[in-house]
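Listed here are the chains, written in short residue letters.
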Amino acid sequence: MAVARNKGARHVKGVSRGEMLWMRSGAVLLAATAIVVAVYWIHQKLQDPAVMPVRSVVFKGGFKQLEGGDLQEMVTQQISGGFITLDVSAIQSALKSLQWVAAVTVRRVWPDELVITIEEHTPVARWGESKLISDRGVVFTPGDIAPFASLSRIDADERFAAEVMQQYRRMSALLQGYGSIARLRRNALSGVTLWLDSGVRIELGNSGMMNRLARARVLLERLPARIDALEVIDARYSGGVAVRFKQQDPSEEKPTESHA
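Residues numbered from 1 in each chain as written. Predicted model: local features only at pLDDT ≥ 70, side-chain atom pairs only at ≥ 80, totals over all residues. Heavy atoms only, no water.

## A look at the packing of aromatic side chains
No. 1: Counted under the stated rule, the structure contains two aromatic pairs.
No. 2: Ring geometry for W100 versus F148: centroids 5.7 Å apart, planes at 35°, classification tilted. Highlighted residues: W100 in the loop between α3 (88-96) and β2 (101-109) and F148 in the loop between β6 (139-140) and β7 (153-155), separated in sequence by 48 residues.
No. 3: By relative accessible area, F148 is classed as buried at 11%.
No. 4: Taken together, the aromatic side chains of W100, F140 and F148 make up a single cluster linked through ring pairs.
No. 5: In this structure, R183 is placed above the aromatic ring of W195, and the distance from its NZ or CZ to the ring centre is 4.8 Å.
No. 6: For the cation-ring pair, R186 lies above F160, with the distance from its terminal atom to the ring centre recorded as 5.1 Å. (Phe/Tyr/Trp six-rings, centres within 6.5 Å; stacked < 30°, edge-to-face > 60°. Helix = DSSP H or I, 4+ residues; strand = E, 2+ residues; numbered from the N terminus. Buried < 20%, exposed > 50% of the residue type's maximum accessible area, 1.4 Å probe, protein only. Lys NZ or Arg CZ within 6 Å of the ring centre and 35° of its normal.)

## Points about the confidence of the model for the chain
No. 1: Mean pLDDT over the chain: 82, with 75% of residues reaching 70 or higher.
No. 2: The model gives residues 1-5 a pLDDT under 50, and that stretch makes zero contacts with residues more than four places away or in other chains.
No. 3: Here residues 37-50 is modelled with pLDDT under 50, and outside its nearest four sequence neighbours on either side it reaches 15 contacts, counting other chains as well. (pLDDT = per-residue confidence, 0-100. Contact = heavy atoms within 4.5 Å.)

## Notes on helix α5 (residues 209-222)
Each α-helix winds once per 3.6 residues, and so residues spaced three or four apart point in a common direction.
No. 1: Taking 1.5 Å of rise per residue, the 14 residues of α5 would be expected to cover 20 Å, and the 20 Å separating its terminal C-alpha atoms lies within 8% of that figure.
No. 2: Among all positions in α5, only M209, R212, L213, A214, R215, A216, V218, L219 and L220 are buried.
No. 3: Close packing links the buried residues of α5 with α4 (161-174), β9 (192-196), β10 (201-205), β11 (230-234) and β12 (240-245). (Expected span 1.5 Å × (residues − 1).)

## Description of the pattern of salt bridges
No. 1: Inspection of every chain in the model, using the stated rule, returns eleven salt bridges.
No. 2: For D112, the salt bridge goes to R55, with nearest N and O atoms at 3.7 Å. In this pair, D112 is assigned in the loop between β2 and β3 (113-120) and R55 in the loop between α1 (17-47) and β1 (56-60), connecting sequence segments 57 residues apart.
No. 3: For D112, a relative accessible area of 22% puts it in the partly exposed group.
No. 4: On the basis of relative accessible area, R55 is assigned to the exposed category, the value being 63%.
No. 5: Linking R244 and E231 is a salt bridge whose minimum nitrogen-to-oxygen distance equals 3.7 Å. Of this pair, R244 sits in strand β12 while E231 sits in strand β11, and the two are 13 residues apart along the sequence.
No. 6: Owing to a relative accessible area of 12%, R244 belongs among the buried residues under this scheme.
No. 7: Through salt bridges with shared partners, a single network forms among R153, D155 and R183. (Salt bridge = Lys/Arg side-chain N within 4 Å of Asp/Glu carboxyl O.)

And the structure:
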C-alpha cells in the first residue's frame, strides 16, 4: 500500500562538513580578535598613571653623600606608567648613573609601593687629583674632592684600579704600626713607590714587592727613633735595603743588610 506524503512537510537541507569547519574557524577568529582587543585595552589603561598609580617610594640604605630629595626627584621623572607597567630597569639605570651609587635594586611591593635599596661607594683613597677609589676598586668622581683631602693618594693607570687597590690594602696591612701610606704611585712599568705619613719614600720596584716592603719594615722597626730623619728607603736590592737620611748627600747612600 502506498503511503501518501504530506505535501506540507518542509525539506531540511543538511550542513556540509566544509561549511561547519568554516563556521568554527570564524568563531575562533572572532574570539581571538576579542581577546586581543581586550588585552590592548587593558594595556592602554594600565599605562595611565591614574590607574593603579605608584603612591609610595621607599629608599633603603645608609646615605652619607646622596641626598634623598635628589633621589626622589630622579625616580619621579622615570615613572611614566602605572604600578604594573613602570620600567624598573630604567629607574635602576638612572640611579646607577649617579657617581656615588655603587649598587641599586628596585622592586614593586603590592599594591602601590616601590622599594629602592641603594648602596653608596665607600671611598678608600683619592685617585689622582680629582677622583676617588672605593673599597671595590671602582674609580669615580665626587662632586667635591676637598672633603677627602686627608685620604691617601694613589696615582696609577685606571685600567688597573682593582689590582692597585689590592696592593694598597696588602701594603697598608703590612706597615700597620710602623706608618701609614700617604701616597702610592705605580708607574707605566708597574714599579711602585710609597710615601709614608712620616715623609719617608720607599722604592719597591715592580717585582717581589711584598718581600721588599717586609725588608723596609724591618728597618723601620730597628730605627724607631730616627724614622723622622729618614728620607728614602730603597728596597730594590736583592739582599737588603739602601737608606738616605735627610740632609745626606745622595752619593753617600749605601745599602744596609737585612735578613727579613
